[in-house]
Amino acid sequence: MAYFVSLGGVRLPVTPSTITMKSKNQNKTYTLINGQEINIPKSPGLVKITFGALFPAVKYPFTVYRGGTFRHPVYYREKLEKWKAHCKPIKLVIQRGSPANFKTTVQVTLEEYEIVEDADKYGADT
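Residues numbered from 1 in each chain as written. Predicted model: local features only at pLDDT ≥ 70, side-chain atom pairs only at ≥ 80, totals over all residues. Heavy atoms only, no water.

1. Concerning the overall build of the protein chain
Short version of the rule: Helix and strand definitions follow DSSP, with helices as H or I runs of at least four residues and strands as E runs of at least two, each counted in order from the N terminus. For the radius of gyration, the atoms used are the C-alpha atoms, and the globule rule reads 2.2 Å times the number of residues raised to 0.38. Exposure categories follow from relative accessible area, calculated using a 1.4 Å probe and restricted to protein chains: below 20% of the type maximum is buried, above 50% is exposed, and the middle band is partly exposed.
Within the protein chain one finds two helices and eight strands. Helices and strands appear in the protein chain in the N-to-C order β-β-β-β-β-β-α-β-β-α. Against the 2.2 N^0.38 benchmark of 14 Å for 126 residues, the protein chain shows a C-alpha radius of gyration of 19 Å, more extended than a compact globule. A principal-axis box enclosing the C-alpha atoms of the protein chain has dimensions of 65 × 35 × 30 Å. Taken over 126 residues, the protein chain has a buried fraction of 21%.

If you want it as structure tokens, here you go:
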């Protein structure tokens, strides 16, 4: 496969169209008596990674499942709930290109997730 994403060893059936990785510093800035502002560099902060995922209720030609076995959306919801409850890092793998021309593998924690049910967009997915 040319491009895929797995989280906690679970391959996402539809690769997200966008993945955002935001890195910020923990620098401190101070204003001196004369009004001049200075910056005190600190170590980098955590990287925030965000993406959307689609978990279809039927197997489509564009979906890819590890081992070819279809997984119902409930399977993924239960995984998210488990990862959130266990409070332990899980592995995120983003592979671009085949073979892995550019691969990102990082340990992440699941800080938050949101489930959106969109009947207008996915209502026929039964």
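Okay, back to it.
2. Some remarks on the nonpolar core
The test is simple: What makes a nonpolar core is a set of buried Ala, Val, Leu, Ile, Met, Phe, Trp, Tyr and Cys residues whose side-chain atoms join them at distances within 4.5 Å. Throughout, a residue-residue contact means that at least one pair of heavy atoms, one from each residue, lies within 4.5 Å.
Core analysis: the largest hydrophobic core is formed by 13 residues, its most contacted members being Val5, Leu7, Trp83, Ile90, Leu92 and Val108. Counting only elements with at least two residues in this core, the list comes to β1 (3-7), α1 (73-86) and β7 (90-96). Dropping the residues within four chain positions of it, Leu7 is found in contact with Trp83, Ile90, Lys91, Leu92 and Val108.

3. Describing the side chain of Ser6
Turning to its location among the elements, Ser6 is positioned in strand β1. Using a relative accessible area of 5% as the deciding quantity, one classes Ser6 as buried.

4. Considerations on the sheet that holds strand β2 (residues 10-11)
Through backbone hydrogen bonds, the strands of a sheet pair up, either in parallel or in antiparallel fashion. Just so we agree on the cut-off: In this analysis, strands are considered paired if DSSP registers two or more bridges between them.
Reading across the sheet, the four strands line up as β2-β1-β7-β8 and stay open at both edges, with antiparallel pairing between neighbours. In the strand order of this sheet, the two ends are held by β2 and β8 (102-108), each with one partner. Of the strand pairs in this sheet, β1 and β7 are connected by five bridges, and their pairing is antiparallel. Residue pairing in the sheet places Tyr3 in a bridge with Arg96 of β7.

5. Some details on the pairing of β1
With four of its five residues buried, β1 lies for the most part within the structure. As defined by bridge partners, β1 adjoins β2 across two bridges and the pair is classed as antiparallel. The partner of Leu7 across the bridge, within β2, is Val10. The hairpin turn running from β1 into β2, its antiparallel successor, is two residues long, and Gly8 in that turn takes a positive phi close to 60°.

6. A short note on the packing of aromatic side chains
Heads up, the condition is: Between rings of Phe, Tyr and Trp, where Trp is taken as its six-membered ring, a pair exists when centres lie within 6.5 Å; planes separated by under 30 degrees are stacked, by over 60 edge-to-face, and by other angles tilted.
Enumeration according to the criterion identifies four aromatic pairs in this entry. Ring geometry for Tyr60 against Phe62: centres 5.0 Å apart, planes inclined by 5°, an arrangement best described as stacked. Residue classification places Tyr60 among the partly exposed residues on the basis of a relative accessible area of 28%. For the pair Tyr75 and Tyr76, a centre-to-centre distance of 5.1 Å together with 85° between the ring planes defines the contact as edge-to-face. Tyr75 sits in the partly exposed class, given a relative accessible area of 25%.

7. Quick notes on the environment of Phe102
With respect to the element layout, Phe102 can be found in strand β8. Phe102 sits in the partly exposed class, given a relative accessible area of 49%. A sequence separation of 18 residues divides Phe102 from Asp120, and the C-alpha atoms of the two residues are 36 Å apart. When neighbours within four sequence positions are excluded, Phe102 is seen to be in contact with Ile94, Gln95 and Arg96.

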